[in-house]
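Observations on the model geometry
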Amino acid sequence: MDDPRYVRVVCPTCRAVLHPRVEKAGRRVRCPDCYSAVLVPQPPKPEDAPKQRDPGEYRVRDARAPSRPEKTDSDFFLVLCPKCQARLHPKREHVGKRARCPDCDTVLVVPPPTKDEAKAPPPAPGKYAVGEEPKREQPTFRYLTVEREPEPEFATPPDEWWFAAGVFTFPWWPESLSRWMVLTMLLLPGLCVVAFAAVLAGGSGVGLPTTFVPFLLLVLTWLWLWAASYAAGCFLAIVQDTGSGNDEVSDWPEGDWRERVTTLLYIGLHFTLATAAASALAWPVGIFYGPIWMGVAVALLANFLFPLFFLASMEADTLLIPYSAVIFGSVLKVFGGWLMVYVESLLMLGFTAAVVGAGLYFAPILTVLFAAPLLATVVFIDARLYGRLAWHIGQAEMARRPRKRKKNSETVTKATDRSAKLMPSKG
């Protein structure tokens, strides 16, 4: 692709050819085939490109002009590309000029030929007797190993304190601060409309006109759909990249807001399933203790079931059946990690709900000033916690598999020895 708006880059993991936009040079993009983080290089400078060919280079020679000496194969010599080691054969007249490698598009300056490639007449053919097979020299093979420097990888989370280190300060990291500010700005208009409606409904004593209600609901729906779709895109990107073992997030939501509505529906479906399951489990509490305690039980259970269904759906790569044996089994195998994330998330959500609820009741206008950044912080930290939990589950699963393979190999060895004892010897 020769379009200057895009940069050609090869994925170091699966060798897929990507064409990200030139604006993403120096940043990392996600490979669509293997989901590896690929560093986008800087585009080549215009002066590095080889000069265009002269249109008159291939003109028809005049028959009356003196004939030129015929070129032979000795006019070409061997040059290896410094990047991909491709074998190039430029002419001697191209020494010192720029050339482009046809395999990796690297621009190089043609070096002068070595002394071993000096012009020499071809060797005279040998004489062989009739019926005698000539002795041919056995070829020797050489394998060229091209070594390259590995791409710098993202730093992995620490083994200890994975549930706290880099979690509560994540919204203000340099690469996530701008997204946190965007989400805050998107939440602010919706909260302003809610506060305005609360003041008209009961705070100022002025009743809300009936004809104004549909218009207000339409504006609220539009504002919250815009903000919630961006929050869902950020939430999913943070969970995916953090769960993969990356401290930095590269797959931030970009493009049209309508593309993020699918992500909002995806997360909303799992939240609905978690709330429905929590309501069914908390139904006996409502019968014996009343609806208030049932609401408390639903909130407690939904805070645990939502990450369970959400991580299981991501691990199983399915939407309709959010079940994964690895995620569901980790509740017992990694009980301490689940408990730590559950307590942190519950305390953070409870504190946020209490502060925002009290603020909307006593001072609705003043609450808007700190509610928007507070809600954006909750989204980023909650997603960071779920991503760290997914990474911790993966680490525990990888540490458990070698022991299982070792146990299976010992079982096979014992079975082989037992069968060898039962087989009669031929002696």
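Structure first, text after, so check above.
The rules behind each value
- Residues numbered from 1 in each chain as written.
- Predicted model: local features only at pLDDT ≥ 70, side-chain atom pairs only at ≥ 80, totals over all residues.
- Heavy atoms only, no water.
- Helix = DSSP H or I, 4+ residues; strand = E, 2+ residues; numbered from the N terminus.
- Buried < 20%, exposed > 50% of the residue type's maximum accessible area, 1.4 Å probe, protein only.
- Core = buried A, V, L, I, M, F, W, Y, C linked by side-chain atoms within 4.5 Å.
- Contact = heavy atoms within 4.5 Å.
- Expected span 1.5 Å × (residues − 1).
- Bend = angle between axes of the 7 residues up to and from the residue.
- Salt bridge = Lys/Arg side-chain N within 4 Å of Asp/Glu carboxyl O.
- Arc of directions from axis to C-beta.

Section: the overall build of the chain
When helices and strands are counted, the chain shows 7 helices and 8 strands. Buried residues in the chain amount to 31% of all 427 residues.

A closer look at the nonpolar core
Membership of the largest hydrophobic core comes to 56 residues, with the highest contact counts inside it found for Phe-235, Phe-310, Trp-338 and Phe-380. Elements represented by at least two residues in this core include exactly helix H1 (174-203), helix H2 (212-243), helix H3 (261-289), helix H4 (291-316), helix H5 (325-333), helix H6 (335-362) and helix H7 (364-422).

Quick look at the side chain of Thr-263
By the element assignment, Thr-263 lies in helix H3. The exposure class assigned to Thr-263 is buried, which follows from its relative accessible area of 16%. Leaving out residues up to four positions away in the same chain, Thr-263 has contacts with Ala-232, Gly-233 and Leu-236.

As for H3
Taking 1.5 Å of rise per residue, the 29 residues of H3 would be expected to cover 42 Å, and the 39 Å separating its terminal C-alpha atoms lies within 8% of that figure. The sharpest bend along H3 comes to roughly 45°, located at Ala-282, with the proline Pro-284 sitting one to four residues further on. When H3 is considered as a whole, its buried residues turn out to be Thr-263, Tyr-266, Ile-267, His-270, Ala-274, Ala-278 and Ala-282. Just downstream of H3, Gly-290 is the residue with a positive phi angle, here 105°.

Description of the pattern of salt bridges
For the structure on display, the rule yields 3 salt bridges. One salt bridge connects Arg-30 with Asp-241, and the closest N-O pair in it is separated by 2.6 Å. With Arg-30 in strand E3 (residues 28-30) and Asp-241 in helix H2, the pair connects residues that are 211 residues apart, well separated along the chain. A salt bridge links Asp-247 to Arg-384, with the nearest nitrogen and oxygen atoms 3.5 Å apart. Residue Asp-247 is found in the loop between H2 and H3, and its partner Arg-384 is found in helix H7; the two are separated by 137 residues along the sequence. The burial state of Asp-247 is the same as that of Arg-384; both residues are buried. Linked through salt bridges whose partners overlap, the residues forming this network are Asp-247, Arg-384 and Arg-388.

Side note on the environment of Thr-106
Tracing the backbone shows Thr-106 in the loop between strand E7 (98-100) and strand E8 (107-109). Residue classification places Thr-106 among the buried residues on the basis of a relative accessible area of 18%. Taking the C-alpha atoms as reference points, Thr-106 and Pro-44, separated by 62 residues in sequence, lie 9.6 Å from one another. Setting aside its immediate chain neighbours within four residues, Thr-106 contacts Cys-81, Lys-83, Ala-99, Arg-100 and Cys-101.

Details of H5
Residues Ile-327, Ser-330 and Val-331 constitute the buried set of H5. Each buried residue of H5 lies within a common arc of 115° when the element is viewed along its axis, so the set occupies one face. Across H5 from its buried face, at more than 90 degrees, point the exposed residues Ala-325, Leu-332 and Lys-333.

This is a description of form; function is not addressed.
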